[in-house]
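For reference, the chains in residue letters:
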Amino acid sequence: ECRSVPSKILGRSVPYCVLLPPSYDSEKTRRDPVLYFLHGLGENEQFLLNSGGWDLIQDLWDQKRIGEFLIATPAAGRTFYVNSRDGRVRYEDFFVKEFLPFVESHYRIRADRAHRGITGVSMGGYGALRFAFRYPQLFGSVSAHSAALIANLPRIQMPGTQENAISFVLGGAFGNPFDPAFWKRNSPFTIVRERPRPVGMRIYFDCGTEDDYGFNAGAQAFHELLAVRGIPHEFHLYPGGHNEVYFAQHLPASLEFQSRAFGLSPAK
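Within each chain, residues carry numbers counting from 1 in the order of the written sequence. Totals for whole chains, interfaces and linings use every residue, but because this is a predicted model, local features are given only for residues with pLDDT of at least 70 and side-chain atom pairs only at 80 or more, for both listing and counting. Side-chain measures here rest on the full set of heavy atoms in the structure, leaving out hydrogens and waters.

### Description of the overall build of the protein chain
Next up, step 1: When you go through the protein chain residue by residue, the secondary structure sums to nine helices and eight strands.
Next up, step 2: A radius of gyration in this sense is built from C-alpha atoms; the matching globule rule multiplies 2.2 Å by the number of residues raised to 0.38. For 268 residues, the compact-globule estimate of 2.2 N^0.38 gives 18 Å, and the protein chain sits close to it at 18 Å.
Next up, step 3: Summarising its shape, the C-alpha atoms of the protein chain cover approximately 60 × 40 × 35 Å along the three principal directions.
Next up, step 4: For each residue, the accessible area found with a 1.4 Å probe, counting protein chains only, is set against the maximum for its type, and the residue is called buried under 20%, exposed over 50%, and partly exposed in between. Burial statistics for the protein chain: of 268 residues in total, 55% are counted as buried.
Next up, step 5: Residue contacts are counted whenever heavy atoms from the two residues lie within 4.5 Å of one another. Across the protein chain, the fraction of contacts at a sequence separation of at least 24, relative to all contacts at a separation of at least 6, is 76%.
Next up, step 6: Of the accessible surface of the protein chain, which amounts to about 12100 Å², a share of 50% is contributed by carbon and sulfur atoms.
Next up, step 7: In the protein chain, 29 positive and 27 negative side-chain charges are present, and the distance between their average locations comes to 9 Å. The secondary structure listing takes helices from DSSP runs of H or I that are at least 4 residues long and strands from runs of E that are at least 2 residues long, numbered from the N terminus. Surface accessibility follows the Shrake-Rupley procedure with a 1.4 Å probe radius. Residue values consider only the protein chains on display as shielding. Only four residue types enter the charge count, namely Lys and Arg as positive and Asp and Glu as negative; His and the chain termini do not. For this purpose, a charge sits on NZ of Lys, CZ of Arg, CG of Asp or CD of Glu.

### Some details on the pattern of salt bridges
Next up, step 1: In the sections that follow, a salt bridge refers to a side-chain nitrogen of Lys or Arg positioned within 4 Å of a carboxyl oxygen of Asp or Glu. Enumeration over the complete set of coordinates arrives at 10 salt bridges.
Next up, step 2: For Arg30, the salt bridge goes to Glu27, with nearest N and O atoms at 3.2 Å.
Next up, step 3: With a relative accessible area of 35%, Glu27 lands in the partly exposed category.
Next up, step 4: In this structure, the salt-bridge partner of Arg134 is Glu92, at a minimum N-O distance of 2.6 Å. Residue Arg134 is found in helix H4 (residues 123-134), and its partner Glu92 is found in helix H3 (residues 91-106); the two are separated by 42 residues along the sequence.
Next up, step 5: On the basis of relative accessibility, which here comes to 27%, the residue Arg134 falls in the partly exposed class.
Next up, step 6: The class of Glu92 is buried, set by a relative accessible area of 2%.
Next up, step 7: Residues joined in a network through salt bridges with shared partners are Glu27, Arg30, Asp32 and Glu68.

### Digging into the state of the cysteines
Next up, step 1: Criterion for a disulfide: a pair of cysteine sulfur atoms at a distance within 2.5 Å. With the rule as written, the count across this model stands at one disulfide.
Next up, step 2: A sulfur-sulfur separation of 2.0 Å characterises the disulfide bridge that pairs Cys2 with Cys17. Every disulfide takes its handedness from the sign of the S-S torsion; for Cys2 and Cys17 that torsion is 105°, giving right-handed. With Cys2 in strand S1 (residues 2-7) and Cys17 in strand S2 (residues 12-19), this pair connects stretches of sequence that are 15 residues apart.
Next up, step 3: Residue Cys2 is classed as partly exposed on the basis of its relative accessible area of 42%.
Next up, step 4: Note on Cys17: relative accessible area 4%, which makes it buried.

### Quick word on the sheet that holds strand S5 (residues 116-121)
Next up, step 1: At least two DSSP bridges between two strands are needed for those strands to be called paired. Read across the open sheet, the eight strands follow the order S1-S2-S4-S3-S5-S6-S7-S8; overall the sheet is mixed. Edge positions in the open sheet fall to S1 and strand S8 (234-238), since each of these has one partner strand only. Mean inter-strand twist for the sheet, computed between neighbouring axes without regard to direction, equals 20°.
Next up, step 2: Angles run from 0 to 180 degrees between N-to-C directions of axes, and those axes are lines fitted to C-alpha atoms, restricted for helices to the stretch in contact. Strands strand S7 (202-208) and S8 of the sheet are contacted by helix H8 (residues 215-228), whose axis makes an angle of about 150° with S7.

### What about H4?
Next up, step 1: Given a helix with a known number of residues, its expected span is that number minus one, times 1.5 Å. In this model H4 runs 16 Å from its N-terminal to its C-terminal C-alpha over 12 residues, within 8% of the 16 Å that 1.5 Å per residue would give.
Next up, step 2: With respect to burial, H4 is a largely interior element, 11 of its 12 residues being buried.
Next up, step 3: Taken together, the buried positions of H4 are Met123, Gly124, Gly125, Tyr126, Gly127, Ala128, Leu129, Arg130, Phe131, Ala132 and Phe133.

### What about the nonpolar core?
Next up, step 1: Residues belong to one nonpolar core when they are buried, are Ala, Val, Leu, Ile, Met, Phe, Trp, Tyr or Cys, and are joined through side-chain atoms within 4.5 Å. By size, the foremost hydrophobic cluster in this structure holds 64 residues, and its most contacted members are Tyr36, Phe95, Ile118 and Phe222.
Next up, step 2: In terms of residues, this core owes the most to one element, H3, which gives eight residues.
Next up, step 3: Contacts of Ile118, omitting those with residues within four sequence positions, involve Leu35, Tyr36, Leu38, Phe95, Ala128, Phe131, Ala132, Phe139, Ser141, Val142, Ser143 and Gln258.
Next up, step 4: One finds Leu35, Leu48, Leu60 and Tyr246 within the second-largest nonpolar core, a separate group that totals 18 residues.

And the structure:
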């Protein structure tokens, strides 16, 4: 289903898609877990439909490799899933205060932490990790592919054009001109360092060793940070770049991970 949710916080309707599991229409009394899927920069709520991800998920259901759960994807533009530096686009507030309650009141969902997961690719991977560690009371599991993780921004004086370029790439959410302090404050690295360890959260993330943006270095650094903090997680670096081929190759692994986290598949 692709519809839209009205948002008072954003002052407009936000498109979203929900993939319903095979038995959803026939078993009217059952409630299923929900996985929130966050798309990458330049994509929209139909990413799974347009990229072939939907067919892949159908195959996983048909092959009984994953249990039945809903997958909900909201449109996020270039927001990076944060409340913007200028305060005009409060996407984080929309997602937590409006989108989650809307989805979980309009669909038959087991609305508790153990049955609520979050995942994403690229910008969406950044958003998924950030939401999970920022709101550990909401999410029992998180996964990410090629997350936009940058351990340390380059310390260079940027001329105007380069500054504008980085503001454009990062969606303008972090200020225009780009505000490194605001980026750092919102970073999953900062959240993990400053907050208590999440209890009982299942964590999976991977990245390509030839990631076009160098996010593999950020992923490695994030893995090391979690290890130092004693936070259990599953992390992989696989051959590949930052593209749909890589995502399609590894999406089944994270969906199987989420299925196990929901208690729907045997633990590995």
